[in-house]
Amino acid sequence: MVNSVAPRVESLASSGIQSIPKEYVRTKEEQTSITNIFEEEKKEEGPQVPTIDLKEIDSEDIKVREKCREELKKAAMDWGVMHLVNHGISDELLERVKKAGEVFFQQPVEEKEKYANDQEAGKIAGYGSKLANNASGQLEWEDYFFHLVFPEEKRDMSIWPKTPSDYTEATSEYAKQLRILVTKILSILSIGLGLEEGRLEQEVGGMEELLLQMKINYYPKCPQPELALGVEAHTDVSALTFILHNMVPGLQLFYQGKWVTAKCVPNSIIMHIGDTIEILSNGKYKSILHRGLVNKEKVRISWAVFCEPPKEKIILKPVPEVVSEEEPALFPPRTFAQHIQHKLFRKTQEEFKN
């Protein structure tokens, strides 16, 4: 079913409009901090998103290994976001994944509409654009393609892009390799909290239940980038999020009261700590507020994989080992579904206040 309410952003962008429809214009308050992303990316001063080299993560040399793990833990506690390099997934595979997504999005909108999702009916997998789900009716300057990529038996192959022919193979292989990396990262984060290394993995559902959901974000060129956002400020609900991009800047992180632009680091994977790990760690690991800017000159594409616990099966709350009288639990027990509802409810309340 074609979404008749709002056209695809790509169609709007290519229609030759000089000014963007009012639904895409951000509040005056937001506009004060929206700047030229290319200028921002050039800045050398101020805090920079940490780059974590995973090459020595399993080193035989305990000192070398510990140093690498300590750096990852520190970045997770201080920033909650980092560029991962030497992550063990080949550059060639990353390029294949990106090429496949680019080719899919290069097809005419009519072709992509064959994969359209139906959000109102609760079918979120497929090709879509954001519906106005907030009180202000605001929209974001992006279209996307969303689908579950792991565990393999939970996938719905009927909605996977048929074009290009390499899409399924490249994406499946990437998901498999990423799942191995997830286990490694979770074990380091577990040890960092003084837990058994398998503990966080178990808390988020383990091999059977942790879901890897891929969202390819397509941000068309925008005639008035200073008024719009590709994605509004939010924290991820996931346990971890892994992001690839086409080397066009756009990601900004809200760090120490200021928006910091992530540089484009070749062959890296950006990793976010999501709310789920922030809750389990009782706030020791941070789920950072972030957003996406758009620009006039270049299309930006990013490939986000959200690693999510099952919606109802697990109660998310700080693990008992990180809670004490001095450091009481900062988060009440909720299922993942309840956490999402709670966030939506809070957001709606904020908007009505404004």
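Rules and cut-offs
Residues numbered from 1 in each chain as written. Predicted model: local features only at pLDDT ≥ 70, side-chain atom pairs only at ≥ 80, totals over all residues. Heavy atoms only, no water. Buried < 20%, exposed > 50% of the residue type's maximum accessible area, 1.4 Å probe, protein only. Helix = DSSP H or I, 4+ residues; strand = E, 2+ residues; numbered from the N terminus. Pairing = 2+ DSSP bridges. Axes fitted to C-alpha atoms, helices over the stretch in contact; angles between N-to-C directions. Parallel < 35°, antiparallel > 145°, perpendicular 65-115°, else oblique. Left-handed = near helix turned anticlockwise from the far one by under 90°. Contact = heavy atoms within 4.5 Å. Nonpolar A, V, L, I, M, F, W, Y, C, P; charged D, E, K, R; others polar. Core = buried A, V, L, I, M, F, W, Y, C linked by side-chain atoms within 4.5 Å. UniProt positions renumbered as here; feature names shortened; annotations may be inferred.

Peer 1: Help me out: how do you make sense of the pairing of strand S2 (residues 81-85) in this one?
Peer 2: Successive residues of a regular strand alternate their side chains across the two faces of the sheet. Within S2, five of the five residues are buried, which leaves it mostly tucked inside the rest of the structure. Here S2 shows two buried faces, one formed by Val 81, His 83 and Val 85 and the other by Met 82 and Leu 84. By the bridge criterion, three bridges tie strand S1 (residues 51-53) to S2 in an arrangement that is parallel. Across the sheet, residue Ile 52 finds its bridge partner in S2, namely Leu 84.

Peer 1: Is there a simple way to think about the packing of helix H5 (residues 91-106) against helix H7 (residues 167-192) in this case?
Peer 2: Describing two packed helices takes the angle between their axes plus the distance from one axis to the other. Relative orientation of the contacting elements H5 and H7 amounts to 135°, with a least axis distance of 9 Å. The angle between H5 and H7 falls in the class oblique. The chirality of how H5 crosses H7 is left-handed. In contact with Leu 93, Leu 94, Arg 96, Val 97, Ala 100 and Gly 101 of H5, H7 contributes Tyr 167, Glu 169, Ala 170, Thr 171, Glu 173, Tyr 174 and Gln 177. Residue composition of the contact of H5 with H7, grouped by class: seven nonpolar, three polar and three charged.

Peer 1: What is the right way to look at the sheet that holds strand S11 (residues 290-292) in this model?
Peer 2: Within a sheet, adjacent strands bond to each other through the backbone by hydrogen bonds, running parallel or antiparallel. On the basis of which strands lie adjacent, the open sheet formed by four strands has the order S6-S11-S8-S9 and antiparallel pairing. Here the strands that pair on one side only, and so sit at the sheet edges, are strand S6 (231-234) and strand S9 (258-261). For this sheet, the mean angle separating the axes of adjacent strands, direction not counted, is 20°. As paired elements, strand S8 (residues 251-255) and S9 share four bridges and run antiparallel to each other. Residue pairing for S9: Tyr 255 is matched across the bridge by Lys 258.

Peer 1: What's the story with the environment of Ile 159 in this structure? I'm lost.
Peer 2: With respect to the helices, strands and loops of the structure, Ile 159 is situated in the loop between strand S4 (143-150) and H7. It is 31 Å that separates the C-alpha atoms of Ile 159 and Lys 347, two residues lying 188 residues apart in sequence. When sequence neighbours within four positions are dropped, the list of residues in contact with Ile 159 reads Tyr 115, Ala 125, Gly 126, Phe 145, Phe 146 and His 147.

Peer 1: In this structure, what is going on with the side chain of His 272? I would like to understand it.
Peer 2: Residue position: His 272 is located in strand S10 (residues 269-273). Excluding residues that lie within four positions of it along the chain, His 272 makes contacts with Gly 80, Val 81, Asp 236, Ala 239, Leu 240, Thr 241, Ile 243, Leu 251, Leu 253, Ile 288 and His 290.

Peer 1: Where do I start with the sheet that holds strand S7 (residues 240-245) in this structure?
Peer 2: The mixed open sheet is built from eight strands, whose spatial order is S1-S2-S10-S7-S12-S5-S4-S3. Of all strands in the sheet, those with a lone pairing partner are S1 and strand S3 (126-129), marking the two edges. For this sheet, the mean angle separating the axes of adjacent strands, direction not counted, is 25°. Examined bridge by bridge, S4 and strand S5 (residues 211-219) share seven bridges and lie antiparallel to one another.

Peer 1: Honestly, the nonpolar core in this entry has me stumped. Any pointers?
Peer 2: Generally speaking, nonpolar side chains in soluble globular proteins are found buried as a group. If you look at the biggest cluster of nonpolar residues, it comprises 64 residues, and the most contacted ones within it are Leu 84, Tyr 174, Ile 185, Leu 189, Phe 242 and Ile 277. With 11 residues, H7 is the largest single contributor of residues to this core. Among the nonpolar cores identified, the runner-up in size contains 13 residues, and Trp 79, Val 81, Leu 253 and Ile 288 belong to it.

Peer 1: I tried to follow the UniProt feature "domain: Fe2OG dioxygenase" (unreviewed entry) in the protein on my own but got confused; where do I start?
Peer 2: In this numbering, the UniProt entry assigns the feature "domain: Fe2OG dioxygenase" (unreviewed entry) to residues 210-309. Spanning residues 210-309, this segment combines 6% helix with 45% strand, and its end C-alpha atoms are found 5 Å apart.

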